[in-house]
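Summary of the model geometry
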Protein chains: 2
Amino acid sequence: MQFVIVRDQTGMVQVTHRREEGDDSLAKSIEELTRESAIEVVGMVVHNDVVQLGQLEILTESINVLGPAFPELPIDEDSSLDNRLDWRYLDLRRPSNLLIFRVQTWIEHVMRQYWLENEFIEIHSPKLMGSASESGGELFQLDHFGQTAYLAQSPQFFKQMAMAAGFERVFEIAPVFRANPSFTSRHDTEFTSVDVEISWVRSHEDVMRFEEEWLHYVLTAVKEKYGDAISEAFGVEVIVPALPFPRVTMAEAYSILERLGHTIARQKGDLDPEGERTLARYVNETFRHEFVFVTDYPASARPFYHMRHAANPGLTRSFDLIWKGVEITTGAQREHRYDILSRQAIESSLSLEPIQYYLDFFKFGCPPHGGFGFGLTRMLMMLLGANTVREVTYLYRGPNRLSP
Amino acid sequence: MQFVIVRDQTGMVQVTHRREEGDDSLAKSIEELTRESAIEVVGMVVHNDVVQLGQLEILTESINVLGPAFPELPIDEDSSLDNRLDWRYLDLRRPSNLLIFRVQTWIEHVMRQYWLENEFIEIHSPKLMGSASESGGELFQLDHFGQTAYLAQSPQFFKQMAMAAGFERVFEIAPVFRANPSFTSRHDTEFTSVDVEISWVRSHEDVMRFEEEWLHYVLTAVKEKYGDAISEAFGVEVIVPALPFPRVTMAEAYSILERLGHTIARQKGDLDPEGERTLARYVNETFRHEFVFVTDYPASARPFYHMRHAANPGLTRSFDLIWKGVEITTGAQREHRYDILSRQAIESSLSLEPIQYYLDFFKFGCPPHGGFGFGLTRMLMMLLGANTVREVTYLYRGPNRLSP
């Protein structure tokens with residue numbers, strides 16, 4: 001008897017061949033098969049209680065080797081992450097890796113479904129920009145027919161342009177680029193950004209309410225279709241978050257952390273990773289919730305285009321969303337009034353000339369609006385309990401990695 | 001009486017204010033309104049037979065100017081395309097432009113729906129590459145932490161990698177970059193590419209069959225939802241193409257064109273734009289069909305990775321799809337056998353070192369596969385009868401245009 005396990009997108013099955021007397025060319029081709037070859041099998045599928053793998057086997061009539069594999073595989077179960085990434089397409093053959101991308105496909109589908117049901121327009125904003133999008137730091141640049149072009153770090157300005165164009169509600173899922181030299185588990189030089197922008201909001205509260213309802217919808221659908229598979233493959237339970245998500249202002253967050261013994265210099269205006277984790281633990285213990293919105297960041301810690309509170313211009317109408325102790329989203333109501341926006345840009349020591357095209361968006365009538373964005377892989381990492389975005393990115397790009 | 005027309009994503013409506021005696025601050029704010037301002041209106045919607053616009057009007061109680069417009073608009077109905085692109089967000093406010101992006105949103109939705117129903121996996125392949133993807137021509141390059149990175153001209157190699165990874169069926173909708181200096185109506189330096197790759201095909205015929213069924217599904221859904229609106233706004237009828245689409249081999253195409261008096265040097269191995277139009281006219285007259293697959297291109301006119309006919313290695317298992325006289329898709333069965341693929345690369349005078357990582361995809365068992373790709377805006381251009389991709393691109397990028 002000869003046995004071959006074949007694997008395709010739907011799973012694995014045993015192929016059985018009973019050797020025959022005399023010339024048995026099928027036995028010979030099975031003997032010569034190398035692991036991981038791509039083959040076509042013709043045979044009869046039969047039930048067999050003895051077969052562990054699904055109690056099924058294929059009784060072979062013929063095997064056709066369509067894509068033979070070299071005999072020595074360059075990686076195995078014990079290979080390092082870096083080595084696995086060198087041979088990513090072999091690494092991706094592991095069923096748990098295929099599952100990651102099935103889950104990703106489904107997440108994007110349900111995200112879009114929600115948007116479509118809510119009259120969103122999909123945009124494809126350019127990744128080549130004539131001037132720096134925000135800070136000027138972490139930018140890749142290139143020559144574009146004699147002019148310097150920059151790779152978009154985010155579609156921020158262009159999704160806001162859609163608001164000025166009267167599109168009212170837009171989304172985009174597309175690559176963004178960050179010339180960030182860090183090698184942490186959360187960073188890469190290119191990733192897929194999920195972006196949403198909506199008009200006619202009254203405050204950042206409206207944006208948060210949209211986001212939490214959308215995430216509730218998305219995680220419900222993910223749990224329904226892949227909850228069991230995720231729990232089996234990664235040992236992580238998908239929890240559908242209760243609505244509304246807990247909210248704490250940045251000022252409250254500082255007080256909570258101080259009470260818990262984690263002191264951060266308030267003038268920084270932001271949380272450090274340890275602060276995010278501590279706050280998440282507190283929220284989980286207090287509200288039994290994996291998510292928390294941290295709101296009302298000081299203006300000094302946010303970009304110039306975040307709207308300020310009218311009664312307290314030192315604070316912005318902004319938020320971060322923290323999931324399981326990691327910041328996954330940044331959002332805000334934007335400043336849509338030309339004069340105030342220009343003044344805030346000057347106060348942030350920006351020179352107006354390179355961003356004048358952006359300021360112009362607000363010159364001829366723009367509704368109040370806000371939005372948020374996040375990295376798809378960072379979300380997947382949290383969902384699946386992965387250690388690093390590299391495990392959940394199709395092909396990771398970092399300071400030392402441009403290949404394959 | 002005062003009248004204001006307000007417009008939002010859903011359409012336009014008349015706002016009516018009956019001036020009152022004495023102090024009328026509402027009348028004053030209406031007088032001071034500038035065109036295209038973003039306003040909030042509170043009032044009662046009433047039926048009124050006299051009102052041309054939908055026989056509806058809003059009897060105003062209050063008007064709140066949330067985003068005032070400067071009084072002089074920089075473009076009007078008669079502005080040149082270039083001028084309109086300078087102020088693209090104002091240009092996009094025209095209802096027919098909003099319609100373009102609603103149609104685009106819907107097309108992508110139904111494309112993905114078909115893929116999802118057919119077990120496709122969505123991939124996000126990197127746009128930063130460590131080496132040139134295909135020819136080496138028309139490439140943008142940049143410094144990536146001391147290494148030269150190239151912007152992907154297509155996801156070709158990476159969607160094939162998914163086949164080597166056992167993903168079997170993948171799609172991607174994402175930007176691609178071409179350092180193409182031409183200013184034609186069909187070209188840009190960045191556009192949204194729609195890409196499909198499927199495993200276990202027996203020939204390019206399987207790929208064409210998939211594509212035509214998919215397009216049939218997509219155009220049926222587009223006609224159903226937006227056929228009337230497209231015909232009204234652009235004067236173009238959306239025709240659902242009959243299945244199967246007509247097919248002619250390249251050799252047959254040359255004969256047909258010669259008979260019609262349009263002679264092309266056969267050694268070029270391709271059609272010129274006039275040839276594409278002439279062939280399309282012939283097909284339309286003969287088969288009453290807007291589409292035609294041109295198949296079996298000579299190897300000299302195709303990339304090294306297109307599979308050759310076993311019986312005639314001078315010809316490839318490839319096709320282009322021509323719609324209304326314009327080539328919109330290129331597709332093929334790919335060569336998945338490592339030895340043959342390497343030989344074909346050498347015969348095409350490529351140096352193997354920069355593409356070795358790609359050739360490696362075929363070393364450890366890869367199923368036969370094929371696929372196709374096209375520019376989303378080129379498809380929209382043909383669907384809506386636009387003169388240039390610039391009209392149907394959210395923000396066009398070309399040799400002279402990086403802004404806004």
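Data block above holds the structure.
Residues numbered from 1 in each chain as written. Chains lettered and ligands numbered in written order. Predicted model: local features only at pLDDT ≥ 70, side-chain atom pairs only at ≥ 80, totals over all residues. Heavy atoms only, no water.

1. Some words on the interface of chain A and chain B
Applied cut-off: Here, two residues are considered to be in contact whenever any of their heavy atoms come within 4.5 Å of each other. By convention, the term buried area covers the 1.4 Å-probe accessible surface removed from two parts as they join, with the contributions of both added. Just to be clear on terms, a salt bridge is a Lys or Arg side-chain nitrogen sitting within 4 Å of an Asp or Glu carboxyl oxygen. Nitrogen and oxygen atoms within 3.5 Å of one another constitute a polar contact, given that in protein one can donate a hydrogen and the other can accept it, and given that sequence-neighbouring residues count only through two side-chain atoms. Numbering of helices and strands runs from the N terminus; a helix is a DSSP stretch of H or I covering at least four residues, while a strand is a stretch of E covering at least two. Classification convention: Asp, Glu, Lys, Arg as charged; Ala, Val, Leu, Ile, Met, Phe, Trp, Tyr, Cys, Pro as nonpolar; all other residues, Gly among them, as polar.
Every contact between the two is made by 95 residues of chain A and, on the other side, 96 residues of chain B. Sorting the residues of chain A by area buried against chain B places A:Phe364, A:Tyr394 and A:Leu402 first, and these three jointly supply 11% of that buried surface. For the interface between chain A and chain B, the tally reads 6 salt bridges. In this structure, B:Arg102 and A:Glu119 form a salt bridge, with 3.7 Å as the shortest nitrogen-oxygen distance. The interface formed by chain A and chain B includes 38 residue pairs in polar contact (both at pLDDT 80 or more). When residues of the side of chain A that touches chain B are assigned to their parent elements, the largest contribution, 10 residues, is made by helix 4 (residues 95-117) of chain A. In terms of residue class, the side of chain A that touches chain B is made up of 52 nonpolar, 21 polar and 22 charged.

2. Topic: the pairing of strand 14 (residues 326-333) of chain A
Residues and elements named next belong to chain A. Rules: With a 1.4 Å probe rolled over the protein chains alone, any residue whose accessible area is under 20% of its type maximum counts as buried; one over 50% counts as exposed, and the rest are partly exposed. Each pair of strands is called paired provided DSSP finds at least two bridges between the two strands.
Buried residues dominate strand 14, accounting for 7 of its 8 residues. Two strands pair when backbone bridges link them, and strand 13 (residues 318-323) and strand 14 are joined in this way by 6 bridges, in the antiparallel orientation. Residue pairing in the sheet places Phe319 in a bridge with Gly331 of strand 14. Where strand 13 folds back onto strand 14 in an antiparallel hairpin, the turn is made up of 2 residues, including Lys324, whose phi is positive at roughly 50°.

3. A look at the relation of the copies chain A and chain B
What counts here: For the least-squares superposition of copies, only C-alpha atoms count, and only for residues with pLDDT at least 70 in both.
When chain A is brought onto chain B, the operation consists of a screw motion whose angular component is 180° and whose axial shift is 0.0 Å, with 0.0 Å RMSD remaining. With respect to symmetry, the two chain copies, as superposed, fit the operation of a two-fold axis. For chain A, the minimum C-alpha distance to the rotation axis belongs to A:Leu142 and amounts to 2.5 Å. Of all interface residues in chain A, 100% are interface residues in chain B too; the two copies therefore contact each other through one and the same surface.

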